[in-house]
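Close look at the chain arrangement
Spelled out, the chains give:
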Amino acid sequence: MIRKYIKERRSWMLLLVVLQVIILFVAYVDVTIPFLPVLYIVVLNVLVCITFVFVRYSKETRFYKNMAAWDEVYDHSTFSEAASPFERLVQEAVNTQTERYRKESAQNFRLLEQEKDDLLSWIHEVKTPLTAMQLMIERLPDETLQSQLMYEWLRLHHLLDQQLHQKRIPFMRNDLVIGVTRLEPILNKEIRALKSWCIPKGIGFDVSLAVEEVLTDGKWLGFMLRQLLTNAVKYSEASDILIVSREVDGHAVLAIEDQGRGIDPRDLPRIFDKGFTSTLGRQEGAATGMGLYLTRQVAEPLLIGIQAASMPGEGTTFTLTFPRENDFLRITGM
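Here is a short report on the structure shown in this document. Small disclaimer: the values here were computed from a predicted structure and weren't measured.

**Looking at the side chain of S310**
- Relative to the helices and strands, S310 is located in strand 6 (residues 305-311).
- Among the residues examined, S310 registers a relative accessible area of 14% and is labelled buried.
- Among the polar contacts listed, one links the side chain of S310 to the backbone nitrogen of I263, at a separation of 2.7 Å.
- Here T316 takes part through its side chain, which lies 3.0 Å from a polar atom of the side chain of S310.

**Quick notes on the nonpolar core**
- Ranked by size, the top nonpolar core spans 55 residues in total, and within it L302 and L320 carry the most contacts.
- In terms of residue count, helix 8 (residues 218-234) provides more of this core than any other element does, nine residues in total.

**A short note on the sheet that holds strand 6**
- Strands sit in the order 2-4-5-7-6 across an open sheet of five strands; the sheet is mixed. In this open sheet, the two strands that pair with only one neighbour each are strand 2 (204-209) and strand 6. The average undirected angle you get between the axes of adjacent strands in this sheet is 15°.
- Looking at chain direction, strand 2 and strand 4 (residues 240-248) are connected through six bridges and run parallel. Along strand 4, the bridge assignment pairs D206 with L242.

**Thoughts on the environment of V38**
- Following the sequence through the fold, V38 ends up in helix 3 (residues 35-68).
- Overall, the relative accessible area of 13% leaves V38 in the buried class.
- For V38 and I23, which are 15 residues apart along the polypeptide, the C-alpha to C-alpha distance reads 7.6 Å.
- The contacts of V38, once residues within four sequence positions are left out, are I23, L24, A27 and I33.

**Considerations on the pairing of strand 5 (residues 251-258)**
- Among the eight residues that make up strand 5, seven are buried, leaving the element largely enclosed by the rest of the structure.
- Note: strand 4 against strand 5, seven bridges, orientation antiparallel. For L242, the partnering residue across the bridge sits in strand 5 and is E257.
- Examined bridge by bridge, strand 5 and strand 7 (residues 315-321) share six bridges and lie antiparallel to one another. If you follow D258 over to strand 7, its bridge partner there is T316.

**Focus: unusual backbone geometry**
- Not every positive phi belongs to a glycine, and D249 is a case in point at roughly 55°.
- By secondary structure assignment, the location of D249 is in the loop between strand 4 and strand 5.
- Of note, the phi angle at L303 is positive, near 60°, even though the residue is not glycine.
- On the secondary structure map, L303 appears in the loop between helix 10 (291-299) and strand 6.

**So, helix 5 (residues 143-168)**
- Relative to the 38 Å expected for 26 residues at 1.5 Å per residue, helix 5 spans 37 Å between its end C-alpha atoms, a close match to the ideal helical length.
- Every buried residue belonging to helix 5 is among M150, W153, L154, H158, L160, D161, Q162, L164 and H165, and all of these are buried.
- Residues of helix 5 that are buried in the fold lie against helix 4 (85-138), helix 6 (183-193), helix 7 (195-201), helix 8 and helix 10.
- One side-chain oxygen at the N-terminal end of helix 5 lies 3.0 Å from the backbone nitrogen of T144; it belongs to D142.

Rules of the game
Residues numbered from 1 in each chain as written. Predicted model: local features only at pLDDT ≥ 70, side-chain atom pairs only at ≥ 80, totals over all residues. Heavy atoms only, no water. Helix = DSSP H or I, 4+ residues; strand = E, 2+ residues; numbered from the N terminus. Buried < 20%, exposed > 50% of the residue type's maximum accessible area, 1.4 Å probe, protein only. Polar contact = N/O pair within 3.5 Å; in protein donor to acceptor, adjacent residues only side chain to side chain. Core = buried A, V, L, I, M, F, W, Y, C linked by side-chain atoms within 4.5 Å. Pairing = 2+ DSSP bridges. Axes fitted to C-alpha atoms, helices over the stretch in contact; angles between N-to-C directions. Contact = heavy atoms within 4.5 Å. Expected span 1.5 Å × (residues − 1).

What follows is the structure, encoded as structure tokens:
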């Protein structure tokens, strides 16, 4: 701050120095003026000026130090009262602009909330005709047509489900119900929902649950498993998907392993990035790049670790590591 202060007051300090030099020069040139008394006066002037600068430095920089330390929120209580007209001009400008930003931010927040509520309402409304469509598709006599329509219906259902949960994720901490959750009912529900995809592709499931219960929120865990199982089915053909749970270092671990096409090693570090569809997914144009991103977004508040391992042509394994019981306080304290 002292360097900035000197730079700000540089012209005034330079003026004082020039004045003292002029006085000494006049005393030196004019023989009628004794030089030593004038030099003595100049030295006193310099000492007085230096003292004045140090005294004023503390007073003049107090306001700006508080501004530099301001955390750029809407609270101005950290500001000291302006001590000069120019400081008051700055403070009034900051207060006015901040108040304007506060109102704009509140208005934008209300608009976003309204947009979110409208979208959620629309998604819930769309679910009604989707359910009716499912019932009509199931009554079709043509099994081939029924299978094709059900495949597309399930794609639409999953896209709406992703959009619904994407809007809820920023507020999911208000919706968490952490407790001991059984894995089998959740897995069975998600596997049954994918049967219209699995049967035509000849995909089965091999489930082995050495650990049957985990500490988490069942509804959000179901969403995570839905994304992982959907990916496993989407990129597999005529093979079984292995689902295994076990205990590792006191943690319940759930692994979902498919025998699909796998993931390119270059893409593996980025698969959880928003919108990333991998090289092959980009060529196909069907992937949205949101499933794994939303899975990671849900896993973080639940303190669930998620890792992926894959080899091209050999399949992919996603591993979920659940928190231990002594992590429960961290979750409920959110």
